[in-house]
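# Fold and contact review
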Amino acid sequence: MLAAVVLTLYLAVLGSALPTDQELERRQRASVITRCTVPNTAALTFDDGPFNYIYDINKVLKANNAVGTFFFNGRNYGCIYSADNAKRVKFAYDQGHQVASHTWAHKDLTTLSRDQLTSEFARTDEAIKRITGATPAFMRPPYGKYNNAVLDVAGARKQSVVIWDFDSGDSSGISVAAQKTRYTQLASRRPSTVLTLNHETYASTAYDVLPHAIKQLRAKGYKFVTVAQCLGRAPYQNVGAPAARTAAWTC
Ligand SMILES: [Zn+2]
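Cut-offs used in this document
Residues numbered from 1 in each chain as written. Predicted model: local features only at pLDDT ≥ 70, side-chain atom pairs only at ≥ 80, totals over all residues. Heavy atoms only, no water. UniProt positions renumbered as here; feature names shortened; annotations may be inferred. Donors = N, O, S within 2.8 Å, 3.2 Å for Na, K, Ca; no water. Helix = DSSP H or I, 4+ residues; strand = E, 2+ residues; numbered from the N terminus. Buried < 20%, exposed > 50% of the residue type's maximum accessible area, 1.4 Å probe, protein only. pLDDT = per-residue confidence, 0-100.

- Named according to an unreviewed UniProt entry, the protein is Carbohydrate esterase family 4 protein originating from Hebeloma cylindrosporum.
- Looking at the protein in UniProt, the text filed under Cofactor (unreviewed entry) is "Co(2+)".
- Of the protein, the UniProt comment under Subcellular location (unreviewed entry) reads exactly: "Cell membrane".

Set out below in structure tokens:
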């Protein structure tokens, strides 16, 4: 009888000591990055591509000895596996810009089930891995919206969640002049570091706001680097050879 009680107690203690899956996830919950840490760095980030302005954005960046960070979706403006989009993703990677995940279909991740969430992350990581050979170490949730479930899934996938400390306003409908003014004011405040939100999908961002932003920030002595560089961290979890296209490359 006593032995049975002791055994029951022992099993109860053992049982409670074993972490559940959710507890394990909570322990590796992703950190949320809202600013750069390396002084005098500016990380220009571009969301919602791959899209057709990437080549001209690259030209502006390269002309200023700058690199940027692209948070790509799997299926937003077309499918990431289309010939044009896969080429854009590979181009960004090959040019030394940082390639990161904006998850699959630009959904509000806080509305999804755990399985749906995992799928939004996994399909994007798989596509980026196939196209570039690299697995991203950083992601940005669409709309900057996240909850603990998002952080748990990101953490389990060893990805950091990146938000921003400056929004150009290009996706919120403010005028191009107002976007440029925001950058002018940012430069005059001259914070130690800058982590900007822009979108790859607006012509005005590529041709008007970005050149102005770089001119303003350059005059203040910032170095234009990737998000990973502005944190002193690695951009990818692993890097390998890209895969050859197969029939599985579909959305
Ligand atoms: Zn977005």
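### Some thoughts on the coordination of the zinc ion
- Around the zinc ion, the protein contributes the donor atoms Asp48 (OD), His102 (NE2) and His106 (NE2), which lie 2.0 to 2.1 Å from the metal centre.
- All donors of the zinc ion come from a single chain, and their spacing in sequence reads D-x53-H-x3-H. Of this pair, Asp48 sits in the loop between strand S2 (41-47) and helix H3 (54-63) while His102 sits in the loop between strand S6 (98-101) and helix H5 (114-132), placing them 54 residues apart in sequence.
- Residue His102 is classed as buried on the basis of its relative accessible area of 1%.

### Quick look at the confidence of the model for the protein
- Residues with a pLDDT of 70 or more make up 92% of the protein, whose mean pLDDT is 93.
- Put simply, helix H1 (residues 2-17) is where the protein has its lowest mean pLDDT, 50, and S6 is where it has its highest, 99.

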